[in-house]
Amino acid sequence: MANITFLKEGREVVAADGANLRLQALENGVDIYTFVGKMTNCGGYGQCGTCVVEIVEGAENLSPRSDFETRKLKKKPDTYRLACQVVVQGPVTVKTKP
């Protein structure tokens, strides 16, 4: 099982290994989108880049960055990920809307 801690929200979610970070956040009432992102997000298909989160701890427990993520986040720190592209395999701490 993977514990996902959302720092700003003060919430901890338990998810099965292999769970998608975006889906776990939304299913547990954690808002990962900014105001504009709420209106323009692609629904988790990895096309818009609006579900950016910062991985504070546990990056080694996540799937590697996809090519799209690498291109979309090239000017962002390595700790930034697109939640829709992240598969969680262990404990992780996440900061939403960095």
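What counts, and at which threshold
- Residues numbered from 1 in each chain as written.
- Predicted model: local features only at pLDDT ≥ 70, side-chain atom pairs only at ≥ 80, totals over all residues.
- Heavy atoms only, no water.
- UniProt positions renumbered as here; feature names shortened; annotations may be inferred.
- Core = buried A, V, L, I, M, F, W, Y, C linked by side-chain atoms within 4.5 Å.
- Buried < 20%, exposed > 50% of the residue type's maximum accessible area, 1.4 Å probe, protein only.
- Helix = DSSP H or I, 4+ residues; strand = E, 2+ residues; numbered from the N terminus.
- Contact = heavy atoms within 4.5 Å.
- Salt bridge = Lys/Arg side-chain N within 4 Å of Asp/Glu carboxyl O.

An unreviewed UniProt entry lists the chain under the name Iron ABC transporter substrate-binding protein, with Neosynechococcus sphagnicola sy1 given as the organism. Per UniProt, the chain has the following entry under Sequence similarities (unreviewed entry): "Belongs to the adrenodoxin/putidaredoxin family." The UniProt entry for the chain carries this comment under Cofactor (unreviewed entry): "[2Fe-2S] cluster".

Chemist: Hey, could you run me through the nonpolar core in this one?
Modeler: Within soluble globular proteins, side chains that are nonpolar tend to cluster in buried spots. Judged by nonpolar contacts, the single largest core of 25 residues is most densely connected at Ile4, Phe6, Leu21, Ile32, Val88 and Val94. Going through the elements one at a time, strand S1 (2-6), strand S2 (11-15), helix H1 (21-27), strand S4 (52-57), strand S5 (80-82) and strand S7 (92-96) are the ones with two or more residues in this core. Beyond its immediate stretch of four places on either side in the chain, isoleucine 32 contacts Arg22, Ala25, Thr50, Cys51, Val52, Val53, Ala83, Thr96 and Lys97.

Chemist: Looking at this model, I keep getting lost on unusual backbone geometry. Mind explaining?
Modeler: Leave glycine aside and you will find that most residues have negative phi; peptide bonds, for their part, are mostly trans. With phi around 45°, lysine 97 is a residue other than glycine that occupies positive phi space. Within the element layout of this structure, lysine 97 appears in the segment after S7.

Chemist: I keep staring at the environment of threonine 93 and nothing clicks. Help me out?
Modeler: Of note, threonine 93 is situated in strand S7. In this structure threonine 93 comes out as buried when scored by relative accessible area, which is 12%. Not counting chain neighbours up to four residues away, the residues in contact with threonine 93 comprise Thr5, Leu7, Glu54, Ile55, Val56 and Glu57.

Chemist: Sorry if this is basic, but what is going on with the pattern of salt bridges here?
Modeler: Opposite charge on two side chains allows them to pair when their charged atoms are near. Under the defined criterion, the tally for this structure stands at three salt bridges. Residue lysine 38 is joined to aspartate 31 by a salt bridge in which the shortest nitrogen-to-oxygen separation is 2.9 Å. Assessed through its relative accessible area of 27%, aspartate 31 is described here as partly exposed. With a closest N to O distance of 3.5 Å, lysine 97 and aspartate 31 form a salt bridge. Of this pair, lysine 97 sits in the segment after S7 while aspartate 31 is found in the loop between H1 and helix H2 (35-40), placing the two residues 66 residues apart along the sequence. Overall, lysine 97 belongs to the partly exposed group, its relative accessible area being 33%. When salt bridges with common partners are traced through the structure, they connect Asp31, Lys38 and Lys97 into a single cluster.

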